[in-house]
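Residues per chain, in single letters:
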Amino acid sequence: DTEVTQTPKHLVMGMTNKKSLKCEQHMGHRAMYWYKQKAKKPPELMFVYSYEKLSINESVPSRFSPECPNSSLLNLHLHALQPEDSALYLCASNLGTGGASGELFFGEGSRLTVL
Amino acid sequence: EDQVTQSPEALRLQEGESSSLNCSYTVSGLRGLFWYRQDPGKGPEFLFTLYSAGEEKEKERLKATLTKKESFLHITAPKPEDSATYLCAVKTSYDKVIFGPGTSLSVIP
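Predicted, not measured: the structure shown is a model, and the values here were computed from it.

A. Representation of the side chain of glutamine 6 of chain B. Tracing the chain through its elements places glutamine 6 of chain B in strand S1 (residues 3-7). At 3.0 Å, the side chain of glutamine 6 of chain B and the backbone oxygen of tyrosine 86 of chain B are in polar contact.

B. Up close: unusual backbone geometry. Across the junction of threonine 7 of chain A and proline 8 of chain A, the peptide omega takes the value -10°, indicating a cis bond. Secondary-structure assignment places proline 8 of chain A in the loop between strand S1 (4-7) and strand S2 (10-13). For the peptide bond that leads from serine 7 of chain B to proline 8 of chain B, omega is -10°, which places it in the cis range. Locating proline 8 of chain B in the fold gives a position in the loop between S1 and strand S2 (10-14). In the Ramachandran plot, serine 59 of chain A falls in the positive-phi region, its phi being about 55° despite a non-glycine side chain. Inspection of the secondary structure puts serine 59 of chain A in the loop between strand S6 (53-57) and strand S7 (64-70).

C. Examining the interface of chain A and chain B more closely. Contacts between the two partners involve 22 residues from chain A, matched on the other side by 20 residues from chain B. For the chain A and chain B pair, buried surface summed over both sides reaches about 1700 Å², with 52% attributable to carbon and sulfur atoms. Summed over the shared surface of chain A and chain B, the number is two salt bridges. A salt bridge links lysine 96 of chain B to glutamate 58 of chain A; the nearest nitrogen and oxygen atoms lie 2.9 Å apart. Where chain A packs against chain B, one counts six residue pairs in polar contact (both at pLDDT 80 or more). Taken together, the elements giving at least two residues each to the side of chain A that touches chain B come down to strand S4 (31-37) and strand S9 (87-94) of chain A. Here the side of chain A that touches chain B is composed, by residue class, of ten nonpolar, eight polar and four charged.

D. Here's a closer look at the state of the cysteines. Residue and element names in this part refer to chain B. With the rule as written, the count across this model stands at two disulfides over all chains. Note that cysteine 23 is cross-linked by a disulfide to cysteine 88, the S-S spacing being 1.9 Å. Across the S-S bond of cysteine 23 and cysteine 88 the torsion is about -55°, and the bridge reads as left-handed. Placement of the pair is cysteine 23 in strand S3 (residues 19-26) and cysteine 88 in strand S9 (residues 84-91), with a sequence separation of 65 residues. Per residue, the accessibility class of cysteine 23 equals that of cysteine 88, and both read buried.

E. Quick look at the pairing of S4 of chain A. Residues and elements named next belong to chain A. Burial analysis of S4 places seven of its seven residues in the buried class, which makes it a mostly covered element. The side-chain alternation of S4 yields two buried faces, one formed by Ala31, Tyr33, Tyr35 and Gln37 and the other by Met32, Trp34 and Lys36. The sheet contact formed by S4 and strand S5 (residues 44-50) spans six bridges and is antiparallel. Residue pairing in the sheet places tryptophan 34 in a bridge with phenylalanine 47 of S5. Relative to S9, S4 runs antiparallel, the two being bridged by seven bridges. If you follow tyrosine 33 over to S9, its bridge partner there is alanine 92.

F. Local environment of the sheet that holds strand S6 (residues 56-59) of chain B. All names here are of chain B. Read from one edge of the open sheet, five strands run S1-S3-S8-S7-S6, paired in antiparallel fashion. Taken across any chain shown, the strands that pair with only one partner, and hence form the sheet edges, are S1 and S6. Put simply, the sheet's adjacent strands are angled 15° from each other on average, direction ignored. Sheet topology note: the S1/S3 ladder contains five bridges and is antiparallel. Considered in S3, the bridge of glutamine 3 is made with threonine 26.

G. Region of interest: the sheet that holds strand S8 (residues 73-79) of chain A. Residue and element names in this part refer to chain A. With antiparallel pairing, four strands are arranged side by side in an open sheet as S1-S3-S8-S7. If you trace the sheet from one side to the other, it starts and ends with S1 and S7, each paired once. Mean inter-strand twist for the sheet, computed between neighbouring axes without regard to direction, equals 20°. As defined by bridge partners, S7 adjoins S8 across five bridges and the pair is classed as antiparallel.

The rules behind these values
- Residues numbered from 1 in each chain as written.
- Chains lettered and ligands numbered in written order.
- Predicted model: local features only at pLDDT ≥ 70, side-chain atom pairs only at ≥ 80, totals over all residues.
- Heavy atoms only, no water.
- Helix = DSSP H or I, 4+ residues; strand = E, 2+ residues; numbered from the N terminus.
- Polar contact = N/O pair within 3.5 Å; in protein donor to acceptor, adjacent residues only side chain to side chain.
- Contact = heavy atoms within 4.5 Å.
- Buried area = accessible area lost by both parts, 1.4 Å probe.
- Salt bridge = Lys/Arg side-chain N within 4 Å of Asp/Glu carboxyl O.
- Nonpolar A, V, L, I, M, F, W, Y, C, P; charged D, E, K, R; others polar.
- Disulfide = S-S within 2.5 Å.
- Buried < 20%, exposed > 50% of the residue type's maximum accessible area, 1.4 Å probe, protein only.
- Pairing = 2+ DSSP bridges.
- Axes fitted to C-alpha atoms, helices over the stretch in contact; angles between N-to-C directions.

So, in structure tokens, the structure goes:
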């Protein structure tokens, strides 16, 4: 069982809806990540939070808004999405972004469908 | 530009038929190379970390090796339950973790 928990597992939303994806970890990790994965493609980095501060934003459209309320929680707020945003959204965490630490621990993902 | 490629794109093996998967990378300052396994509809599962050329790691039927420009994931006597997509990822000097496109492995009983 993964120690990174994502909710909901599945989400269907219209283009005018506002929804949020949630991620929680209790491993004491200080870096948390959002990745987007389309079918048969590798995960693509969206955002990185290090010590609760946004450290990397891969030029993601503003209709995706990340939030890190504390070191254990990571949210991704969704608004006015497009059908092409339908994908598996993966949350991951690790010890930190500094040094050589790198192995990421992933959640099971949230499957998003935009109608 | 930082880049990770993997070959082959897909691989079908008979049960017990050993083979290797390749990961080639071009990055600005490698801070680590990682192998993950991903089952359909699931998040990637961490397998190995390699930091320097010549390093090797083993886990059950899997063995990962690293050179200055590429890594190999050797699978010895695979079983059907080894069927999955195997992803290679690198951490750059900018603290980004970039994934390769993956190799889809099918092991036929």
